[in-house]
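Read off the chains here:
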Amino acid sequence: MTLHLYLARRFLLTFLAIFSVFVILLFLIDIVKEMQDFPAFPFSEILEIALLKAPSANYEILPLIVILATVALFLRMSRNSELVVVRASGRSAIRALVAPLVVAGLIGVVSVTMLNPIVAASAKRHNDLMNSYLGWSINIMAIAPEGLWLRQGSETGQTVIHAERASSDVSTLYNTTFIAFGLDGTPQRRITAASATLGDGEWRLADAKLWDLSSGINPESTAQELDSYSVPSALTQDRIIDSFGKPEYISIWDLPKFIGQLEESGFSARRYAVWMQTELARPLFLIALVMAAAAFTMRHSRLHNTGVSVLTAIMLGFGLHYIRNFAQILGENGQIPIMLAAWAPPVAAFLLALGILLHMEEG
């Protein structure tokens, strides 16, 4: 137990030291970058932008930090002959790895349960702040129990769109209502339609009924029923989908409810489900990275080429991280099932690292 506590403490301190270095380094880089992008902004606003971006930037490189912490720990122990003492005490390499693996798993759990909500809130705030600085609209869509709401603007005013449901790619709205407002905020017209399809710069309405609300007389007396009607729009399908908010902007604790709301409204929640499962698999993936990095650095420094071993460990970690991201993209695009996209890379990485570790130690 004393040995396990010693190894756990050493690994945790190494991880925190490397993590602190990256936090400071990325923060300074962000400040310089934002000062170049927004030279007219006061330093207080530049500082706020950099502080809001820091959590997400460090959260993305957490696997790299775990790899570097593992390499640094075992290289130091190898050069100090501590690994020789560990082996002389009768401990195998796998048993000596138990403590670092437990710490890596706890780091993964803490990052998912505590750091993820902080990253989501700061990333969302950073996105909204940048949109406000650039003059972009922050929200153009909202989902409610009665359906979904869209908002689009033009030189003549704003138009609010309500639909009971929509297609999975948000290209077609069903049972829609369009209410156009003038620049002074007064309603100008109301349109209902059985469906509205987003085309090139316009909504194409089918079975529409139009009420003129600006004439000051009874709108029903002048209402028109049309088989088809077009409403100009600057919205695009990609912009509507992006207005849902990236999965990174939603806390892991709120994702299940959000996914349920999307599915009830008829939208595809695949990319949110893939992101949630990928986050839940993060502790296992960090454990696999520790095992993979340790397999190449736990031998005595005099018995192997240290530079080649370190480079191999880091490149293997990068390769596993790339495969994980590639599988996530395939899952979001519907090429592979959600659970396979999220859990297959960590499980495969764990088994691969275990095989390499056993081969290195047992021959």
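Bear in mind the structure is a predicted one, so any value in this text is a computation, not a measurement.

Rules behind the numbers
- Residues numbered from 1 in each chain as written.
- Predicted model: local features only at pLDDT ≥ 70, side-chain atom pairs only at ≥ 80, totals over all residues.
- Heavy atoms only, no water.
- Core = buried A, V, L, I, M, F, W, Y, C linked by side-chain atoms within 4.5 Å.
- Buried < 20%, exposed > 50% of the residue type's maximum accessible area, 1.4 Å probe, protein only.
- Helix = DSSP H or I, 4+ residues; strand = E, 2+ residues; numbered from the N terminus.
- Contact = heavy atoms within 4.5 Å.
- pLDDT = per-residue confidence, 0-100.
- Axes fitted to C-alpha atoms, helices over the stretch in contact; angles between N-to-C directions.
- Parallel < 35°, antiparallel > 145°, perpendicular 65-115°, else oblique.
- Left-handed = near helix turned anticlockwise from the far one by under 90°.
- Pairing = 2+ DSSP bridges.
- Phe/Tyr/Trp six-rings, centres within 6.5 Å; stacked < 30°, edge-to-face > 60°.
- Arc of directions from axis to C-beta.

Caption draft 1: Quick peek at the nonpolar core. Residues F11, F74 and L97 are the most contacted members of the largest nonpolar core, which totals 46 residues. When residues of this core are traced back to their parent elements, those giving at least two are α1 (2–37), α3 (62–79), α6 (98–134), α10 (282–297), α11 (306–332) and α12 (338–362). Looking at which element gives the most residues to this core, the answer is α10, with 12 residues. With sequence-adjacent residues up to four places away left out, L97 is seen in contact with F74, V290, A294, M298 and L357. A163, F178, I191 and A193 belong to the second-largest nonpolar core, a separate cluster that totals 19 residues.

Caption draft 2: Main features of unusual backbone geometry. The residue N175 is not glycine, and still its phi comes out positive at about 50°. Following the sequence through the fold, N175 ends up in strand β4 (residues 172–181).

Caption draft 3: Broad picture of the confidence of the model for the protein. For the protein, the mean per-residue pLDDT works out to 84, and 88% of the residues sit at or above 70. Between the elements of the protein, mean pLDDT differs from a low of 68, seen in strand β1 (residues 141–144), to a high of 91, seen in helix α9 (residues 270–280).

Caption draft 4: Layout of the packing of α10 against α11. Look at α10 against α11: their axes get within 8 Å of each other, and the N-to-C directions meet at 155°. With respect to α11, the element α10 is oriented roughly antiparallel. For the pair α10 and α11, the crossing hand works out as right-handed. Here α10 contributes R282, F285, L289, A292, A293 and F296 to the contact with α11, which in turn contributes S309, T312, A313, L316, G317, L320, H321 and R324.

Caption draft 5: Seen up close, the pairing of β4. Inspection of the sheet shows strand β3 (residues 157–166) paired to β4 by eight bridges, in the antiparallel sense. Along β4, the bridge assignment pairs T159 with A180. Note that β4 and strand β5 (residues 187–198) share nine bridges and pair antiparallel. Paired with Y174 across the bridge in β5 is S195. Here β4 hands over to β5 after five residues, with G185 in that stretch at a positive phi of 90°.

Caption draft 6: Fine view of the packing of aromatic side chains. Tallied over the entire structure, the rule returns five aromatic pairs. Relative to W203, the ring of F178 has its centre 6.2 Å away and its plane inclined at 70°; by these criteria the two rings are edge-to-face. Note that F178 is positioned in strand β4 and W203 in strand β6 (residues 202–212), a separation of 25 residues in sequence. Each member of the pair, F178 together with W203, is buried.

Caption draft 7: Just helix α8 (residues 255–264), in detail. Along α8, the residues classified as buried are L255, F258, I259 and L262. In an axial view of α8, the angular spread of the buried residues amounts to 100°, which keeps them on one side of the axis. Turned more than 90 degrees off the buried face of α8, the exposed positions are K257 and E264.

Caption draft 8: Looking closely at the pairing of β6. The sheet contact formed by β5 and β6 spans eight bridges and is antiparallel. Within β6, the residue paired with A196 across the bridge is L205. Between β5 and the antiparallel strand that follows it, β6, lie three residues; G201 among them carries a positive phi value of about 80°. The sheet contact formed by β6 and strand β7 (residues 224–232) spans eight bridges and is antiparallel.

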